[in-house]
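Notes for the structure review
So you can see what is in the structure, the chains are spelled out below.
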Amino acid sequence: MSGAALGIEIVVVFFLALFLLHRYGDFRKQQKMVLFGTLLAWYLCFLIVFILPLDVSTTIYKQCKNETEAHSAVTLLLANQTAGNGSISPTPSLQRKVCTKPWSYIPDGIMPIFWRVVYWTSQCLTWLLLPFMQSYARSGGFSITGKIKTALIENAIYYGTYLLIFGSLLIYVAVHPKWHLDWSQLQTIGITAANTWGLFLLVLLLGYGLVEIPRSYWNASRKGYLLMKTYFKAAKLMTEKADAEENLEDVMEEVRKVSESIKYNHPLRKYIDTILRKCPTDYQEKMGRNMDDYEDFDDKQNTYPSEKSLTKLHKQVIYAVQRHNRTQVQWQILLEQAFHLEDVAKNEASATRQFVRSFAPQEPEGWVSRYLYTPTVEWYWECQLKQWFYRALAILLSAFSVAVVWSECTFFSTRPVLSLFAVFIQLAERTYNYLYIEMACFITIFFLCTCVYSTVFRIRVFNYYYLASHHQTDAYSLQFSGMLFCRLTPPLCLNFLGLIHLDSTISHQKKEQTAYTSIMGSMRVLSFIADGFYIYYPMLIVILCIATYFSLGTRCLNLLGFQQFMGDNDMTSDLIDEGKELIRREKRKRQRIEDGENRRRELKDRYGNPREDYTRNRNVNSELKETNFSDSTNVSSSRQAMKYTRSSGRPDRDRVELLQDAEPLDFNAETFSDDPLEAEPGSRHPPGGRYLSMSRSRIFDDV
């Protein structure tokens, strides 16, 4: 099994990273370099998390062998000293120890090379390549040179901050009388600077996640609370969705004006075509119908936009389309969640003990839902067992969070050992239970990563960075998440090794070092960081956990005008009522659509296929088109050479359009609505009656 476990985990982690990237990214639309950079960043970070427990078990085995060899040397020395006296035998304490080889033992020399490749590749990605690719992908430039120039300008400040930290540490080592700069010390300074930056952000995110993760599962067991929060999210998302639609319309209007002003033979027309390809399909069709490519441009009469303004417009189009698509998908997902929670509330009082849904699932049911997850099983799970399962899980995670906070504040104490994780590992080390050691290390690291990464996935900075599932994450957010993972994972794992007392820089113990800590170099080069910042800064996690428990950040954001879900707030109650009304209207709308489909299906079964008349009209229409085309070809030979042909005449054109529009009437379709909010969320109104702004001061006046 030597090296087999390492190979299996390398393959499994790759498919895990690929699955997550498929969930958040879009393989068909996004650039291949963006997807490759994000996949590589996530893959390397997940490798560190999964492979580090194997490194720990291998290190414990090596430590046992070193102790056995030292023990044998002492025994041999005592045996030589007592060779003349046969009556004296070695004491039982000097008997030879037997070291059990772990099942996942990795041969010598493999792990140091593996960690160097993984660590330095991830650092090159996060500090050099990903920031540049991030700005390059978001740039609105039309050429490679323009995008590179924009990326360099945007990253100038970013690179300057990192160089400032590295330069400060370099000056400190240079003026220190005990140290002489060489290549290994320069590596250590760079690693220390990166880990210091990552640990600073790590404690902030971890302090939030240690409290919020258990609390989220506890709140998930409270159905009423969860439903109220869903209503609150619906009101906020509807406002954001309407703003995204209005912003998209404004940007498309600007694109239309620019497209009409720049004709087909203008030098800037190729840039307009690039912008149009990024627009939604319906807008492209509208703009294509309104264009007249036979008019030449005249520089004296018209003022044309510059290339710089077109670059800015291109960037606005990319952002507006991405935001509009994301809000549309999020709105549909939120509707499904709200409908499901309302169904759970209704089914709790069911006497039949079978779960009844308001709407049939949109996706076809699989064999699991058909045979195993039956309506009876679903009722027991949703109405009886799920809440107790979430409560038990919340209690377990809370105990884990308390253990992490206690260990973060006491891991520097080696005698006595106060860190709970160090106690558990040392107890397993005595019996050489390597499977328990690896599972304990993996569960601990996985919990820490969940607290940190889930906080990263929840971050929203004015819609500038946001990870959305169902393939709705843009390239900028994907690469930004890869950057954060590469910066947070190495200091997180180094902090974990300190919790279990396998980092001699912090524990000050002469023990075998893991291969992971060997690539970090000696932190003694910067003693004020190793003995000060790395030990005392994690204690701030207590303050952050207390602040998160009392929701101080949420209350501050609410006071600043950022609406947050708070049960004791009038604004929250208003938004809950608004969201409830929005969900109710969407539910009525979907119910009417389903009723119309059912009636149409009944009419089809009773009277046959109502589309036969439509097919007959299409045949007549095609014959009329052929007749008109043959008449128009005989009018003049010059029109045959033109790229675009016009209609043969107004009466014929009217007759063709009349026959083209022949459709069977459907009196069940929704055509009229007394309430303006009953319109489809994605509908487009004419210019005279544009979709109103969804700010609460206007859209909810009639609620």
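About the thresholds
Residues numbered from 1 in each chain as written. Predicted model: local features only at pLDDT ≥ 70, side-chain atom pairs only at ≥ 80, totals over all residues. Heavy atoms only, no water. Helix = DSSP H or I, 4+ residues; strand = E, 2+ residues; numbered from the N terminus. Contact = heavy atoms within 4.5 Å. Areas by Shrake-Rupley, 256 points an atom, 1.4 Å probe, with all protein chains shown as cover. Axes fitted to C-alpha atoms, helices over the stretch in contact; angles between N-to-C directions. Parallel < 35°, antiparallel > 145°, perpendicular 65-115°, else oblique. Left-handed = near helix turned anticlockwise from the far one by under 90°. Nonpolar A, V, L, I, M, F, W, Y, C, P; charged D, E, K, R; others polar. Phe/Tyr/Trp six-rings, centres within 6.5 Å; stacked < 30°, edge-to-face > 60°. Buried < 20%, exposed > 50% of the residue type's maximum accessible area, 1.4 Å probe, protein only. Core = buried A, V, L, I, M, F, W, Y, C linked by side-chain atoms within 4.5 Å. Arc of directions from axis to C-beta. Salt bridge = Lys/Arg side-chain N within 4 Å of Asp/Glu carboxyl O. Expected span 1.5 Å × (residues − 1). Bend = angle between axes of the 7 residues up to and from the residue. Patch = residues over 30% accessible without salt bridge, like charges linked within 9 Å, V, L, I, M, F, W, Y side chains within 5 Å. pLDDT = per-residue confidence, 0-100. Lys, Arg positive; Asp, Glu negative; His and termini not counted. Polar contact = N/O pair within 3.5 Å; in protein donor to acceptor, adjacent residues only side chain to side chain.

1. Quick word on the overall build of the chain
- Summing up its helical and strand segments, the chain has 23 helices and zero strands in all.
- Taking all contacts inside the chain whose residues are at least 6 apart in sequence as the whole, residues at least 24 apart take part in 79%.
- When the accessible area of the chain is evaluated, it comes to approximately 39,100 Å², of which 60% is carbon and sulfur surface.

2. Some words on the packing of helix 6 (residues 223-261) against helix 7 (residues 269-277)
- Where helix 6 contacts helix 7, the two axes come as close as 10 Å, and the packing angle between them is 150°. Comparing their axes, helix 7 and helix 6 come out roughly antiparallel. Crossing of helix 6 over helix 7 shows left-handed handedness. On helix 7, the residues touching Val 255, Val 258 and Ser 259 of helix 6 are Arg 269, Ile 272, Ile 275 and Leu 276.
- Its residues assigned to classes, the contact of helix 6 with helix 7 shows five nonpolar, one polar and one charged.

3. Concerning the packing of aromatic side chains
- Under the criterion given, the structure shown has 21 aromatic pairs.
- A ring pair is formed by Phe 400 and Phe 421, whose centres lie 6.0 Å apart and whose planes are at 40°; its orientation type is tilted. One end of the pair, Phe 400, is in helix 11 (residues 375-410); the other, Phe 421, is in helix 12 (residues 420-431), and 21 residues separate them in sequence.
- Residue Phe 400 is classed as partly exposed on the basis of its relative accessible area, which comes to 22%.
- For Phe 421, a relative accessible area of 8% translates into the label buried.
- Taking the centre distance of 5.1 Å and the plane angle of 90° together, the rings of Tyr 549 and Phe 550 count as edge-to-face.

4. Quick look at the nonpolar core
- Trp 115 and Leu 210 are the most contacted members of the largest nonpolar core, which totals 89 residues.
- Looking at this core, the element that brings in the most residues is helix 2 (residues 32-81), giving 18 residues.
- Setting aside chain neighbours within four positions, we find Leu 210 in contact with Ser 401, Val 404, Val 405, Phe 447, Cys 451, Ile 541 and Cys 545.
- Judged by nonpolar contacts, the second largest core, of 20 residues, contains Val 258, Tyr 304, Ala 320 and Val 321.

5. Thoughts on helix 18 (residues 541-549)
- All buried positions along helix 18 are accounted for by Ile 541, Cys 545 and Thr 548. Viewed along the axis of helix 18, the buried residues span an arc of 65°, placing them on a single side of the element.
- Where helix 18 ends, the next residue or the one after it, Ser 551, has phi of about 55°, a positive value.

6. With respect to the environment of Pro 375
- You can see Pro 375 is positioned in helix 11.
- Exposure remark for Pro 375: the relative accessible area of 40% places this residue in the partly exposed category.
- Spatially, the C-alpha atom of Pro 375 lies 4.9 Å from that of Phe 355, the residues being 20 residues apart in sequence.
- Sequence-distant contacts of Pro 375, that is, excluding residues within four places in its chain, are made with Arg 353, Gln 354 and Phe 355.

7. Section: the pattern of salt bridges
- Counted according to the given criterion, the structure contains 15 salt bridges.
- Lys 386 is paired through a salt bridge with Glu 382; the nearest N and O atoms lie 3.6 Å apart. Placement of both Lys 386 and Glu 382 in helix 11 is noted, with a separation of four residues, approximately one turn of the helix.
- Overlapping salt bridges bring together Glu 253, Arg 256 and Glu 260 as one network.

8. Side note on helix 11
- Helix length check: helix 11, at 36 residues, gives a terminal C-alpha distance of 50 Å against a target of 52 Å (1.5 Å per residue), a fit within 8%.
- Residue Leu 385 marks the point of greatest curvature in helix 11, where the axis turns by about 55°.

9. Describing a nonpolar patch on the surface
- A contiguous nonpolar patch, built from Leu 540, Val 542, Ile 543, Ile 546, Tyr 549, Phe 550 and Leu 552 and spanning about 680 Å² of accessible area, is present on the exposed surface.
- Among the elements that make up the nonpolar patch, the one with the highest residue count is helix 18 (four residues).
- For Ile 546, the location among the structural elements is in helix 18.
- On the accessibility criterion, Ile 546 (47% relative accessible area) is partly exposed.

10. Some remarks on the confidence of the model for the chain
- Of all residues in the chain, 72% have pLDDT values of 70 or greater, and the mean over the chain is 75.
- When pLDDT is averaged over each element of the chain, helix 11 comes out on top at 91 and helix 23 (residues 696-699) at the bottom at 35.
- Note that pLDDT drops below 50 for residues 612-616; the model gives that stretch three contacts with residues more than four away or on any other chain.

11. Regarding unusual backbone geometry
- Phi at Tyr 432 is positive, roughly 55°, even though this residue is not glycine.
- Looking at the element boundaries, Tyr 432 is found in the loop between helix 12 and helix 13 (434-458).
- The phi angle at Ser 551 is positive, at roughly 55°, despite the residue not being glycine.
- Looking at where Ser 551 falls in the secondary structure, it is placed in the loop between helix 18 and helix 19 (552-559).

12. Observations concerning the side chain of Asp 26
- By the secondary structure assignment, Asp 26 is in the loop between helix 1 (4-24) and helix 2.
- Although Asp 26 is buried, it forms no salt bridge, and the closest oppositely charged side chain is Arg 28 at an N-O distance of 4.1 Å.
- At 3.1 Å, the side chain of Asp 26 and the backbone nitrogen of Arg 28 are in polar contact.
- Ignoring anything within four residues of it in the chain, the contact list for Asp 26 reads Leu 35 and His 471.

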